[in-house]
Amino acid sequence: ATNYKMKFEYDGTDNLVLFTDTQWDQAASAWVNKERSRYTYTANNEVASHEKEMWDAASGRWKYVRRTEYTYTGSEVATSTEYYYSQGWQPDVKHLFAYNNNLNKDIETIQAWNPTTQTFINSKQILYGYNHLAMPLSITGYTWDGGTATWVHTNGDEQYRYYYEAVF
């Protein structure tokens with residue numbers, strides 16, 4: 001596209017540290033900021049955090065929108081914790097990941113922040129099934145039932161099934 005411009009900045013180990021998106025404003029005959037992302041990395045060059053900012057034309061400043069922090073088990077993401085910005089970073093959602101022996105994601109548990117208890121509480125869970133070639137067979141969503149302290153498949157939870165055939 002001729003009306004978008006993206007700028008990428010890297011650190012000394014070729015990790016992307018800043019991505020800035022600008023757009024051509026025809027009325028102003030100038031490039032104007034839209035959004036940018038900042039990344040930090042662990043000692044193993046894994047993404048430690050991602051911050052998204054949006055340009056506020058009224059104030060002429062970047063404004064924080066979202067932040068995600070990551071933890072790892074080995075080389076796999078163990079958790080991602082998301083924050084929104086409102087007079088400082090506020091917890092929002094946490095994702096917990098579990099993997100099988102082939103390092104395919106088996107379970108993703110989604111927890112929502114409870115401001116009353118100041119903790120993350122279970123909300124949704126997604127189970128992944130694979131065939132012997134590690135190809136997805138199913139993705140099934142569940143909802144946490146706090147009354148029974150179990151995962152239940154409720155109205156609105158989705159399930160995807162994948163089928164494969166050889167074609168010659």
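Note that the coordinates shown come from a computational prediction; the quantities given were computed from them, not determined experimentally. (Residues numbered from 1 in each chain as written. Predicted model: local features only at pLDDT ≥ 70, side-chain atom pairs only at ≥ 80, totals over all residues. Heavy atoms only, no water.)

Enquirer: Would you take a moment to explain the overall build of the protein for this structure?
Expert: In terms of regular secondary structure, the protein is built from zero helices and 12 strands. Shown N-terminal to C-terminal, the secondary structure of the protein runs as helices and strands in the order β-β-β-β-β-β-β-β-β-β-β-β. Its C-alpha atoms give the protein a radius of gyration of 21 Å, more than 25% over the compact-globule value 15 Å for 168 residues. Overall size of the protein, expressed as C-alpha extent along the three principal axes, is 55 × 55 × 35 Å. Look at the contacts in the protein between residues 6 or more apart in sequence, and 15% of them connect residues 24 or more apart. Carbon and sulfur atoms make up 51% of the accessible area of the protein, which amounts to about 11200 Å² in all. Across the protein, the centroid of the 14 positively charged side chains sits 7 Å from that of the 20 negatively charged ones. (Helix = DSSP H or I, 4+ residues; strand = E, 2+ residues; numbered from the N terminus. Rg over C-alpha atoms; globule rule 2.2 N^0.38 Å. Contact = heavy atoms within 4.5 Å. Areas by Shrake-Rupley, 256 points an atom, 1.4 Å probe, with all protein chains shown as cover. Lys, Arg positive; Asp, Glu negative; His and termini not counted. Charge placed at Lys NZ, Arg CZ, Asp CG, Glu CD.)

Enquirer: What exactly am I supposed to notice about the pattern of salt bridges here?
Expert: Pairing is possible between side chains that carry opposite charge, provided their charged atoms lie close to one another. One pass over the structure, following the stated rule, counts 11 salt bridges. A salt bridge links arginine 38 to glutamate 53; its shortest N-O distance comes to 3.4 Å. Remark: glutamate 53 occurs in strand 4 (residues 47–56) and arginine 38 occurs in strand 3 (residues 30–41); sequence separation between them is 15 residues. Two residues, glutamate 69 and arginine 67, come together in a salt bridge whose shortest N-O distance is 2.9 Å. Within this structure, Arg36, Arg38 and Glu53 form a network of salt bridges that share partners. (Salt bridge = Lys/Arg side-chain N within 4 Å of Asp/Glu carboxyl O.)

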